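In case you want the letters, here they are:
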Amino acid sequence: MRLIIEPDYDHLSKWAAHYTAAKIRQANPTAEKPFVLGLPTGSSPLGMYRNLIELNKRGVVSFQYVVTFNMDEYVGIPQGHPESYYSFMWNNFFFHVDINPDNVHILDGNAPDLEAECAAYEAKMKVAGGVDLFLGGIGADGHIAFNEPGSSLASRTRAKTLTADTIIANSRFFNNDASQVPKTAVTVGVATILDAKEVLIMVNGHSKARALQQAVEGAVSQMQPITALQLHPKGIIVADEAACAELKVGTYHYFKDIEKDNLCPDSLLK
Ligand code: GLP
């Protein structure tokens with residue numbers, strides 16, 4: 001696993017956006033062979049989305065032949081609810097770039113048969129040729145997408161009950177009222193994410209320091225689903241300094257040292 005340590009959230013967001021844009025450009029996607037991108041919601045990726053929008057507006061990267069699959073969606077709130085992940089994605093990203101709406105896939109949390117919806121979602125990813133790059137964030141308890149602690153590391157797309165921790169954390173988007181936060185979500189599984197050719201996880205802020213420490217130094221465990229990234233042949237975490245607060249000094253210096261000569265992805269965009 002690579003661990004890239006950036007000074008702060010702005011640099012982390014730029015790094016993730018430039019890496020993603022460089023991957024899309026390298027793939028040289030076409031209508032017949034699009035680039036398939038897995039996408040997250042949450043506050044962690046917001047800066048990355050802003051940077052990708054800017055790169056798109058400057059003509060550095062196009063999303064015309066990019067197919068997207070979002071990680072997760074709440075169950076039981078209307079699609080047009082301001083806090084649905086559908087609204088989040090359109091407001092924070094899709095409306096601002098040249099993506100073809102037919103290429104956007106987001107789980108339907110109001111589908112009459114959630115099991116069928118999840119199975120169809122997995123099938124669509126396969127038909128698209130699999131995900132080339134899955135982007136993500138993590139919860140303070142080490143969850144990834146809505147794979148809460150205790151989620152099988154072999155899990156596929158399915159409905160999940162949210163934990164009290166996640167409901168409380170996400171209540172900040174629902175007037176700080178935990179009772180307004182949906183109790184269930186549909187989410188890709190841990191194994192669905194690990195199927196991607198590459199996985200890039202953004203981790204920022206002191207509140208994620210314990211989760212990052214587990215992700216990098218902990219043993220693989222269903223109680224910290226992010227640790228499954230250690231099993232991926234091309235897993236990358238990009239973190240800011242604040243998120244590194246719980247790493248051993250030696251671990252911190254180790255990753256700083258082995259990454260110091262690696263090209264910053266923006267150099268690939270020039
Ligand atoms: C939610 C999302 C996750 C996200 C996590 C952290 O539970 N389902 O995909 O990684 O929150 O969110 P944030 O980035 O806002 O801290």
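A brief look at the structure comes next. (Residues numbered from 1 in each chain as written. Predicted model: local features only at pLDDT ≥ 70, side-chain atom pairs only at ≥ 80, totals over all residues. Heavy atoms only, no water.)

### Focus: the packing of aromatic side chains
And then number 1: What the rule picks out here adds up to 14 aromatic pairs.
And then number 2: Both rings, one in Trp15 and one in Tyr19, keep their centres 5.1 Å apart while their planes meet at 10°; by these two values the pair is stacked. Of the two residues, Trp15 and Tyr19 are both situated in helix H1 (residues 9-27); the distance of 4 residues between them amounts to about one turn of the helix.
And then number 3: Between Tyr254 and Phe255 the ring centres are 5.1 Å apart and the planes differ by 85°, which places this aromatic pair in the edge-to-face class.
And then number 4: According to the relative accessible area criterion, Tyr254 is partly exposed, its value standing at 48%.
And then number 5: Here a set of aromatic residues connected by ring pairs shows up, and it is made of Tyr49, Phe63, Tyr86, Phe88, Trp90, Phe93, Phe94 and Phe95. (Phe/Tyr/Trp six-rings, centres within 6.5 Å; stacked < 30°, edge-to-face > 60°. Helix = DSSP H or I, 4+ residues; strand = E, 2+ residues; numbered from the N terminus. Buried < 20%, exposed > 50% of the residue type's maximum accessible area, 1.4 Å probe, protein only.)

### Quick notes on the pattern of salt bridges
And then number 1: Under the criterion given, the structure shown has 8 salt bridges.
And then number 2: Among the ionic pairs, Arg156 bridges to Glu122, the shortest N-O distance being 3.0 Å. With Arg156 in the loop between strand E6 (133-136) and strand E7 (158-161) and Glu122 in helix H4 (residues 114-127), this residue pair connects regions lying 34 residues apart in the sequence.
And then number 3: Judged by relative accessible area, Arg156 falls into the partly exposed class, the value being 33%.
And then number 4: Note that Lys197 is salt-bridged to Asp132, the shortest N-O span being 3.2 Å. Here the residue Lys197 occupies a position in the loop between helix H6 (190-194) and strand E9 (198-203), and Asp132 occupies one in the loop between H4 and E6, the gap between them amounting to 65 residues.
And then number 5: By relative accessible area, which is 16% here, Asp132 ends up buried.
And then number 6: Shared partners join several salt bridges into a network, and the residues in it are Glu122, Arg156 and Asp195. (Salt bridge = Lys/Arg side-chain N within 4 Å of Asp/Glu carboxyl O.)

### A word on the site of the ligand
And then number 1: Near the ligand, the surroundings consist of 14 residues, among which Ser43, Ser44, Asp72, Arg172 and Lys208 are the closest.
And then number 2: One of the side-chain N or O atoms of Ser43 is found 2.6 Å from an oxygen atom in the ligand.
And then number 3: Between the ligand and Ile138, the relevant distance is 3.4 Å, taken from an oxygen atom to a main-chain nitrogen or oxygen of the residue.
And then number 4: Considering the ligand on its own, with 390 Å² of exposed area, one finds that the protein chains cover 94% of that surface.
And then number 5: Residues that form the shell around the ligand fall into these classes: 4 nonpolar, 7 polar and 3 charged. (Near = heavy atom within 4 Å. Polar contact = N/O pair within 3.5 Å; in protein donor to acceptor, adjacent residues only side chain to side chain. Areas by Shrake-Rupley, 256 points an atom, 1.4 Å probe, with all protein chains shown as cover. Nonpolar A, V, L, I, M, F, W, Y, C, P; charged D, E, K, R; others polar.)

Structural measurements only, silent on function.
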